[in-house]
Amino acid sequence: MSRLVCVSNRLPLGPNPAGGLVVALKSALTETGGLWVGYRGEVTETPSDSLIDLPGAPFERAAFDLTQEEFDGYYRGYANSELWPIFHGRADLCDIRPEHLETYRAVNARIARQLAPRLRRDDRIWVHDFHLLPLAQELRRLGVEAPIGLFLHIPFPDVHNLSALSNGAEVIDWLSRYDLVGLQADRDVLSFLDCAWQLGNLEDFGKGRLKVNGRHMRIASCPIGIDAEEFAAAARDAPREDRLRSLTGAELMIGVDRLDYSKGIPQRFRAFQELLEQHEDLHEKIAFLQIAPPTREAISAYQVIREETEHLAGRINGQFATINWTPIRYIHRPLPRDTLAGLYRQAAIGLVTPLADGMNLVAKEYVAAQDPEDPGVLILSRFAGAAEMMGEALIINPHDPCELALAMAEALHMPRTERRRRWERLMHVVQTQDVRWWSKRFLSALERQPIPA
Ligand code: ADP
């Protein structure tokens, strides 16, 4: 079998590297003497001319450097202040600057120059996510002929949002250089086709075979999963947080998200407020634990969402708290994975309400963590990619506080037989479409070269 080469913005480092992704790829990487290329996470003043090998993993790892200026333009600028908001339908939060795009192109060209000499003719190259969209174009310019696939972990935008970038048509052209573009959900495939049709030159031959701007490629819906067995075991083995129940005497509702504006955290706080306003009988009977670690804090849109979240939590607690009961507990820190798994299991309701999300792994983790005898209820936004395969959750519109509050009340009162019926179907999906299924699906699609029509 040919060697697998993965390229991602961040290299898997540390004792438990990058969670599910590495678990999924580890056997492919170790069997074939694979290589993983990425950024080490520290800026340098003088970047090295070639990739730096990092020993200590069962596969090869090699890092590229970034200067502060490159980090600001490529990562913080174009990737996180332009592509991220645009691809999550928030063109209003986009900070478009020509120097971002210039640096993004230049960094991708440099990564390609450093990577090309390390590649073999029969490698399979798997590029991850929105930081590296032009990489295939740059590698092809350098004469690399091996198959190159891209998996986009975030949603694909509609044409109105993509057109809000200064270079929407160029994004389609970058993607047309891949042999395969894998997307999270069917709706993303439809958005891609629409954008390629409107901003590029698209010929669609069916079954995912396309010609875009004169180049043959494939497109596939390839939903990412989790390591369900491992997560279920972590939840089973986690010590029970007895303090949770004795302190509150209430049913627990949990939300776990990076504090990102795409996650709908203020919307869910407002829905909780609506619930408490409408149902006095639920006061002291339900407690909402929101765990939202900081992320991308140097970007102003993230400072705004933090202020809004903290303001709302304070206001709702001020309005409803009693001496014995704090309605919202908000933790602005990451927690260890095992602690999270245990908390999910103890929570009667898992609240996953993004305004836009490629997949949302928390939805799958919450399901995997449940006690099969007495499972909790997942409330899931219809705008998460996960909603395409997790229809047995309570599917809601996160923008509508009344609908979301109703779902919270329904979840609290749902009989155990119905909770079990829904959970069994959800768990079946989470277990069968797990992270290994996902990587096999992507890699086998990559091996099928597009057939010129
Ligand atoms: P995104 O990739 O946009 O952050 P996902 O829901 O797909 O969203 O993945 C988030 C991952 O980060 C999950 O595996 C989740 O368990 C983890 N995570 C989220 N919040 C925390 C936290 N407070 N502490 C530890 N891990 C967290």
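Everything quoted here is computed from the prediction, not taken from an experiment.

(A) Looking closely at the overall build of the chain. A tally of regular secondary structure across the chain gives 16 helices and 16 strands. With the C-alpha coordinates of the chain rotated into their principal frame, the extents come out at 70 × 45 × 45 Å. Out of the 453 residues belonging to the chain, those deemed buried represent 49%.

(B) Local environment of the domain arrangement of the chain. Taken domain by domain, the chain holds domain 1 (4-225 + 436-446) and domain 2 (228-432). Inter-centroid distance (C-alpha atoms) of domain 1 to domain 2 is 31 Å. If you look at the interface, domain 1 gives 17 residues, while domain 2 gives 16 residues. Considering each element in turn, the side of domain 1 that touches domain 2 owes the most residues, three residues, to helix α2 (residues 68-87). Residues of the side of domain 1 that touches domain 2, tallied by class, amount to seven nonpolar, seven polar and three charged.

(C) Layout of the pairing of strand β5 (residues 124-128). β5 sits mainly inside the fold: five of its five residues count as buried. Sheet topology places β5 next to strand β6 (residues 148-151); four bridges connect them, and they run parallel. Across the sheet, the residue bridging to Val127 is Leu150, located in β6. Regarding the hand of the β-α-β motif, the stretch spanning β5, helix α4 (residues 135-141) and β6 is right-handed.

(D) Representation of unusual backbone geometry within the structure. Although it is not a glycine, Arg296 sits at a positive phi angle of roughly 45 degrees. Within the secondary structure, Arg296 is located in the loop between β12 (286-291) and α11 (300-320). Owing to 17 C-beta atoms within 10 Å, Arg296 belongs among the partly exposed residues under this scheme. Notably, Asn360 is not glycine yet its phi reads approximately 85 degrees, a positive angle. Mapped onto the elements of the fold, Asn360 is located in the loop between β14 (349-352) and α13 (361-368).

(E) Spatial organisation of the site of the ligand. Around the ligand, 13 residues are found, and the nearest of them are Ile291, Pro293, Pro334, Leu361 and Val362. When grouped by side-chain class, the residues that make up the shell around the ligand number nine nonpolar, one polar and three charged.

(F) Inspection of the sheet that holds strand β13 (residues 328-331) at higher detail. Judged by pairing direction, the sheet is parallel, and its six strands sit side by side in the order β13-β12-β11-β14-β15-β16 without closing on themselves. Two strands close off the open sheet at either side, each with one partner strand: β13 and β16 (394-396). Neighbour to neighbour, the strand axes of the sheet diverge by 20 degrees on average, direction disregarded. Here strand β11 (residues 251-256) runs beside β14; their pairing, made up of two bridges, is parallel.

(G) Seen up close, the sheet that holds strand β1 (residues 4-10). Pairing in this open sheet of 10 strands is mixed, and the strands run β3-β4-β2-β1-β5-β6-β7-β10-β9-β8 from one edge to the other. Each edge of the open sheet is held by one strand with a lone partner, namely β3 (52-53) and β8 (202-206). Of the pairings in the sheet, the one linking strand β7 (residues 180-183) to strand β10 (residues 215-221) comprises four bridges and is parallel in character. Bridge pairing links Leu183 to Ser221 in β10.

(H) Region of the structure containing the nonpolar core. In this structure, Ala363, Leu378, Ile379, Leu380 and Met408 are the most contacted members of the largest nonpolar core, which totals 145 residues. Broken down by element, the residue count for this core peaks at eight residues, all from α2. Here this core spans two domains, and each of domain 1 (4-225 + 436-446) and domain 2 (228-432) adds at least three residues to it.

(I) Quick look at α13. Most of α13 sits out of view: eight of its eight residues are buried. Taken together, the buried positions of α13 are occupied by Leu361, Val362, Ala363, Lys364, Glu365, Tyr366, Val367 and Ala368. Turning to α13, the residues buried within the fold contact α8 (228-237), β11, α12 (337-346), β14, β15 (377-381) and α15 (416-432).

(J) Inspection of the packing of α8 against α12 at higher detail. Packing of α8 against α12 brings their axes to within 7 Å, and their N-to-C directions diverge by 75 degrees. With respect to their mutual orientation, α8 and α12 come out roughly perpendicular. Residues Phe231, Ala234 and Ala235 of α8 lie in contact with α12, whose contacting residues are Arg337, Asp338, Ala341, Gly342, Tyr344 and Arg345. Looking at the contact of α8 with α12 residue by residue, the classes come out as five nonpolar, one polar and three charged.

(K) Quick look at the confidence of the model for the chain. Across the chain, the average pLDDT comes to 94, with 96% of residues at 70 or higher. Here helix α9 (residues 242-248) stands out as the least confident element of the chain, with mean pLDDT 57; β15 is the most confident, with 99.

Calculation criteria
- Residues numbered from 1 in each chain as written.
- Predicted model: local features only at pLDDT ≥ 70, side-chain atom pairs only at ≥ 80, totals over all residues.
- Helix = DSSP H or I, 4+ residues; strand = E, 2+ residues; numbered from the N terminus.
- Buried ≥ 20, exposed ≤ 12 C-beta atoms within 10 Å, placed from the backbone.
- Domains from an automatic or database assignment.
- Contact = placed C-beta atoms within 7 Å.
- Nonpolar A, V, L, I, M, F, W, Y, C, P; charged D, E, K, R; others polar.
- Pairing = 2+ DSSP bridges.
- Right-handed = clockwise from strand over helix to strand, strands pointing away.
- Near = placed C-beta within 6 Å.
- Axes fitted to C-alpha atoms, helices over the stretch in contact; angles between N-to-C directions.
- Core = buried A, V, L, I, M, F, W, Y, C linked by C-beta atoms within 7 Å.
- Parallel < 35°, antiparallel > 145°, perpendicular 65-115°, else oblique.
- pLDDT = per-residue confidence, 0-100.

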